[in-house]
Amino acid sequence: MKVTITYLRLKSAWKFFALSQNAMHIVKQLKSTNHVGYKATGFWKDHYTMTLWKSEDDLKDFAKSGAHLQAMKKSGEMAELIKTLTIDSDQLIDWKTAKSMLENVKPLRFD
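A brief structural summary. (Residues numbered from 1 in each chain as written. Predicted model: local features only at pLDDT ≥ 70, side-chain atom pairs only at ≥ 80, totals over all residues. Heavy atoms only, no water.)

Here the focus is the overall build of the chain. Secondary structure assignment for the chain yields four helices and five strands. Listing the helices and strands of the chain from first to last along the sequence gives β-α-β-β-α-α-β-α-β. For 111 residues, the compact-globule estimate of 2.2 N^0.38 gives 13 Å, and the C-alpha radius of gyration of the chain, at 13 Å, lies within 12% of that figure. In terms of its C-alpha atoms, the chain occupies a principal-axis envelope of roughly 35 × 30 × 20 Å. In the chain, which comprises 111 residues, the share counted as buried stands at 34%. A fraction of 76% describes how many contacts in the chain between residues 6 or more apart in sequence connect residues 24 or more apart. Summed over its atoms, the accessible surface of the chain is roughly 7,000 Å², and 54% of this surface lies on carbon and sulfur atoms. Charged side chains of the chain number 18 positive and 12 negative; the gap between the two group centres comes to 6 Å. (Helix = DSSP H or I, 4+ residues; strand = E, 2+ residues; numbered from the N terminus. Rg over C-alpha atoms; globule rule 2.2 N^0.38 Å. Buried < 20%, exposed > 50% of the residue type's maximum accessible area, 1.4 Å probe, protein only. Contact = heavy atoms within 4.5 Å. Areas by Shrake-Rupley, 256 points an atom, 1.4 Å probe, with all protein chains shown as cover. Lys, Arg positive; Asp, Glu negative; His and termini not counted. Charge placed at Lys NZ, Arg CZ, Asp CG, Glu CD.)

Encoded structure:
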C-alpha cells in the first residue's frame, strides 16, 4: 500500500479560505475512491494531509482527476510552496515522523 504525505505553506493566512473551499471538494472526491485512510492537520499558513491507498494506480487516478486536479492547477495562487512524498506503508504514520520525512523533500515553489 502507499501513503502520500503533502505539506502546503500558504502565501498568507487569508488564503486559508480558498484552501478550505478546495479541501471540501477534494474530501468529497476522496470519499468516492478506494482510499483506505485520510487525516489532515494544520494551522495558520502550514497545512498537511496524509492518505493511505491500496495501490499506486488508485493514488494516481485520484491525483489526476476531479477536484484534486482542479485544485492543483490553482495551487500557485494560494501556496508559497508544496512538498509531497509517497512511501510504502500499510498504515498512516504519525505526524512527527511524517513531518520529519518531508524535511528532505525538494519543495515545489511558487514565488
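Moving on, there is more to tell.
Here we come to the pairing of strand S3 (residues 46-53). Counting buried positions along S3 gives six out of eight residues, so the element sits mostly inside the fold. Alignment of strand S1 (residues 2-10) against S3, held across eight bridges, turns out to be antiparallel. Pairing of Val 3 across the sheet is with Leu 52, part of S3. (Pairing = 2+ DSSP bridges.)

Inspection of the entire model under this criterion finds five salt bridges. A salt bridge links Arg 9 to Glu 80, with the shortest nitrogen-to-oxygen separation between them at 3.3 Å. Placement of the pair is Arg 9 in strand S1 and Glu 80 in strand S4 (residues 79-88), with a sequence separation of 71 residues. Judged by its relative accessible area of 27%, Arg 9 falls in the partly exposed class. Lys 45 is paired through a salt bridge with Glu 80; the nearest N and O atoms lie 3.8 Å apart. Of this pair, Lys 45 sits in the loop between strand S2 (35-43) and S3 while Glu 80 sits in strand S4; the two residues are 35 residues apart in sequence, bridging distant segments of the chain. Relative accessible area serves as the criterion here: at 23%, Lys 45 is assigned to the partly exposed category. Assessed through its relative accessible area of 21%, Glu 80 is described here as partly exposed. Taken together, the salt bridges that share partners define one network made up of Arg 9, Lys 45, Asp 46 and Glu 80. (Salt bridge = Lys/Arg side-chain N within 4 Å of Asp/Glu carboxyl O.)

The buried fraction of S1 is high, at seven of nine residues. Bridging between S1 and S4 involves nine bridges; their strand directions are antiparallel. Bridge pairing in S4 places Leu 10 opposite Ala 79.

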